[in-house]
Amino acid sequence: MASPQKLLRRALEQHQAGKVLEAGELYRKVLAKDPKNVDALNLLGTLLLAVGQADTAVPLLQRATELAPDFFVPFVNLGNGLQVLGQTDDAIA
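These remarks concern the structure in this document. (Residues numbered from 1 in each chain as written. Predicted model: local features only at pLDDT ≥ 70, side-chain atom pairs only at ≥ 80, totals over all residues. Heavy atoms only, no water.)

## Observations regarding the overall build of the protein chain
Cut-off, in case you're wondering: Numbering of helices and strands runs from the N terminus, with a helix taken as a DSSP run of H or I at least four residues long and a strand as a DSSP run of E at least two residues long. Just to be clear, the radius of gyration here is over C-alpha atoms, and the globule rule we use is 2.2 Å times residues to the power 0.38. Every residue pair with non-hydrogen atoms within 4.5 Å of one another is taken to be in contact. We get accessible surface area from the Shrake-Rupley algorithm with a probe of 1.4 Å; when it comes to residues, only the shown protein chains can shield them. Here the positive residues are Lys and Arg and the negative ones are Asp and Glu; neither His nor the chain ends is included. Think of each charge as sitting on NZ of Lys, CZ of Arg, CG of Asp or CD of Glu.
Helix and strand counts for the protein chain come out as six helices and zero strands. Shown N-terminal to C-terminal, the secondary structure of the protein chain runs as helices and strands in the order α-α-α-α-α-α. Relative to the compact-globule value of 12 Å for 93 residues, the protein chain shows a C-alpha radius of gyration of 13 Å, a close match. Over its C-alpha atoms, taken along the principal directions, the protein chain stretches across nearly 45 × 25 × 15 Å. Partitioning the contacts of the protein chain with sequence separation of at least 6, the portion at a separation of at least 24 is 37%. Accessible area for the protein chain stands at about 5,600 Å²; split by element, carbon and sulfur atoms hold 54% of it. Of the side-chain charges in the protein chain, 9 are positive and 10 negative, and the distance between the mean point of each set is 13 Å.

Below is the structure:
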């Protein structure tokens, strides 16, 4: 069985290759093994935003920001997701 780190690398490769279904499945496997994996939360959230699923992406991105308050990337993605959902004031905050 692959480690979360190996799964995450494979997921990112799939994501970068445009294979979003495969990448999403692998990100979910990472999170099943390591629910606090900030990179997987952020990357799955980003993938979901890209395919129009902001309502599913935002909770993942919120969790990433809670777990890693000094990592700015999930905050940017969360702001984008909130903006897509029409929550502009929350996005700005």
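From this point on, the discussion continues.
## Some details on the pattern of salt bridges
Operational definition: Each salt bridge in this description consists of a side-chain nitrogen of Lys or Arg and a carboxyl oxygen of Asp or Glu lying within 4 Å of one another. A 1.4 Å probe rolled over the protein chains alone gives each residue an accessible area, and that area as a share of the maximum for its type sets the label: buried under 20%, exposed over 50%, partly exposed in between.
Taken as a whole and judged by the stated rule, the model has one salt bridge. With a shortest N-O distance of 3.7 Å, Glu66 and Arg63 are connected by a salt bridge. Residue Glu66 and its partner Arg63 are located together in helix H4 (residues 54-67), separated by three residues, close to a single helical turn. You can call Arg63 partly exposed: its relative accessible area is 32%.

## A word on the side chain of Asn77
The topology assignment puts Asn77 in helix H5 (residues 72-84). With residues near it in sequence (within four places) discarded, Asn77 still touches Asn42, Thr46, Leu49 and Leu61.

## Considering a nonpolar patch on the surface
To keep things clear, this is the line we draw: What makes a patch is a set of residues exposed beyond 30% relative accessible area and free of salt bridges, joined within 9 Å when like-charged and within 5 Å when nonpolar (Val, Leu, Ile, Met, Phe, Trp, Tyr).
A cluster of nonpolar side chains, contributed by Val20, Leu21 and Val51, occupies part of the molecular surface with about 270 Å² of accessible area. With respect to the helices and strands, Val51 occurs in the loop between helix H3 (38-50) and H4. The class for Val51 is partly exposed, based on a relative accessible area of 40%.

## A look at the environment of Ala40
Mapped onto the elements, Ala40 comes out in helix H3. When the C-alpha positions of Ala40 and Ala11 are compared, they lie 8.8 Å apart, and in sequence the two are 29 residues distant. Each residue touching Ala40, except ones within four places of it in the same chain, is listed here: Leu8, Tyr27, Val30 and Leu31.

## Overview of the environment of Ala54
With respect to the helices, strands and loops of the structure, Ala54 is situated in helix H4. Judged by its relative accessible area of 5%, Ala54 is buried. Along the sequence, Ala54 and Leu85 sit 31 residues apart, while their C-alpha atoms lie 6.7 Å from each other. Residues contacting Ala54, with those up to four places away along its chain left out, are Leu48, Leu49, Gly81, Val84 and Leu85.

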